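Coordinates in review
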Amino acid sequence: MSVASIVGGALLGAGCLLLVVGGIGINRFPHFYSRLHAAGVVDTLAAGLMLAGLVPVFGLTLGSVKLAMIFLFLLFTSPTACHALARAAYTSGLREPRPGEETPSSPS
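Residues numbered from 1 in each chain as written. Predicted model: local features only at pLDDT ≥ 70, side-chain atom pairs only at ≥ 80, totals over all residues. Heavy atoms only, no water.

1. Some remarks on the overall build of the chain
Looking only at helices and strands, the chain features three helices and zero strands. For the chain, the succession of helices and strands along the chain, N to C, is α-α-α. Its C-alpha radius of gyration of 18 Å places the chain more than 25% over the 13 Å reference for a compact globule of 108 residues. Seen through its C-alpha atoms, the chain measures out along the principal axes to roughly 55 × 25 × 15 Å. Among the 108 residues that make up the chain, the fraction classed as buried is 20%. Contacts in the chain between residues far apart in sequence, at least 24 positions, make up 72% of those at least 6 positions apart. Accessible surface, the chain: about 7,400 Å² in total, of which carbon and sulfur atoms supply 75%. Looking at charge distribution, the chain has the averaged site of its 6 positive side-chain charges lying 8 Å from that of its 4 negative ones. (Helix = DSSP H or I, 4+ residues; strand = E, 2+ residues; numbered from the N terminus. Rg over C-alpha atoms; globule rule 2.2 N^0.38 Å. Buried < 20%, exposed > 50% of the residue type's maximum accessible area, 1.4 Å probe, protein only. Contact = heavy atoms within 4.5 Å. Areas by Shrake-Rupley, 256 points an atom, 1.4 Å probe, with all protein chains shown as cover. Lys, Arg positive; Asp, Glu negative; His and termini not counted. Charge placed at Lys NZ, Arg CZ, Asp CG, Glu CD.)

This is the structure:
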């Protein structure tokens, strides 16, 4: 077992763990904006970890350059899509409830 496969496996495992934690956060948070925050932050970081875990497996080849380009694409598009969703929800009238009227946006 080489060092590259150990590092790659650790990064892939960390990315998978982060995706699971993000999925739990999406299910546990009560409102749209907090769920959106959990999804938006976690998916960018988890995708970065997963792609970084694949780079040692490929080595210094054209495949790792393509993975870096995919990461740059995701780095710019994921937060932009999250912001567009939040802005559309806010523009359509979805507001975070006040502390006294805490009702979840969907039943648990």
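2. A short note on the packing of aromatic side chains
Counting across every chain of the model gives one aromatic pair. Taken together, a centroid distance of 5.4 Å and an interplanar angle of 75° make the contact between Phe 32 and Tyr 33 edge-to-face. By relative accessible area, which is 29% here, Phe 32 ends up partly exposed. Its end group placed over the ring of Tyr 90, Arg 95 keeps NZ or CZ at 3.7 Å from the ring centre. (Phe/Tyr/Trp six-rings, centres within 6.5 Å; stacked < 30°, edge-to-face > 60°. Lys NZ or Arg CZ within 6 Å of the ring centre and 35° of its normal.)

3. A look at the environment of Val 65
Mapped onto the fold, Val 65 is located in helix H3 (residues 62-91). Taking C-alpha positions, Val 65 is 27 Å from Ala 39, a pair spaced 26 residues apart along the chain.

4. A short note on the environment of Phe 71
In this structure, Phe 71 sits in helix H3. Note: C-alpha distance between Phe 71 and Gly 25 (46 residues apart in sequence) is 23 Å. Not counting residues up to four positions away in its chain, the partners in contact with Phe 71 are Gly 48 and Leu 51.

5. Observations concerning a nonpolar patch on the surface
On the surface, a cluster of nonpolar side chains totalling about 370 Å² of accessible area is made up of Phe 71, Leu 72, Leu 75 and Phe 76. Of note, Phe 76 is situated in helix H3. (Patch = residues over 30% accessible without salt bridge, like charges linked within 9 Å, V, L, I, M, F, W, Y side chains within 5 Å. Salt bridge = Lys/Arg side-chain N within 4 Å of Asp/Glu carboxyl O.)

6. A look at the packing of helix H1 (residues 3-28) against helix H2 (residues 32-58)
In a pair of packed helices, the angle between the axes and the distance between the axes together describe the arrangement. Viewed as axis vectors pointing N to C, H1 and H2 meet at an angle of 165°, and their least axial separation amounts to 8 Å. It follows from the interaxial angle that H1 and H2 lie roughly antiparallel. Read as a crossing pair, H1 and H2 show a hand that is left-handed. (Axes fitted to C-alpha atoms, helices over the stretch in contact; angles between N-to-C directions. Parallel < 35°, antiparallel > 145°, perpendicular 65-115°, else oblique. Left-handed = near helix turned anticlockwise from the far one by under 90°.)

As far as function goes, none of this settles anything; it's purely spatial.
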